[in-house]
Amino acid sequence: MEIRKYGEKKILIADTNKHIRSIDDVPREDENGNKIEPYYASVIFLADNFDESKLNELYVEEEIEKEE
């Protein structure tokens, strides 16, 4: 993962062949037993007051699973 400036904003960019999710967004089931997959992104705009030291406490970078 890499943080870059985009104008006045900061963005979080996933490395090649990886994607990012919130550390709290994990696969789970709803009340009907339907599987809910996490939301993944390759670029995330960060809040203006984002503390870069908290990066690994808030986001997880994972390999993209290749379909065969």
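Anyway, here's the lowdown on the structure attached to this text. (Residues numbered from 1 in each chain as written. Predicted model: local features only at pLDDT ≥ 70, side-chain atom pairs only at ≥ 80, totals over all residues. Heavy atoms only, no water.)

**Examining the overall build of the chain**
Counting its secondary structure elements, the chain contains one helix and seven strands. Each helix and strand of the chain, ordered N terminal to C terminal, gives the series β-β-β-β-β-β-α-β. On C-alpha atoms alone, the chain measures out to a radius of gyration of 14 Å, which is more than a quarter above the 11 Å that the 2.2 N^0.38 rule sets for 68 residues. With respect to the principal axes defined by its C-alpha atoms, the chain has extents near 45 × 30 × 20 Å. Every one of the 68 residues in the chain was classed for burial, and the buried ones make up 24%. Once local pairs closer than 6 in sequence are excluded, the contacts in the chain between residues at least 24 apart make up 58%. If you average the places of the 10 positive and of the 19 negative side-chain charges in the chain, the two averages end up 6 Å apart. (Helix = DSSP H or I, 4+ residues; strand = E, 2+ residues; numbered from the N terminus. Rg over C-alpha atoms; globule rule 2.2 N^0.38 Å. Buried < 20%, exposed > 50% of the residue type's maximum accessible area, 1.4 Å probe, protein only. Contact = heavy atoms within 4.5 Å. Lys, Arg positive; Asp, Glu negative; His and termini not counted. Charge placed at Lys NZ, Arg CZ, Asp CG, Glu CD.)

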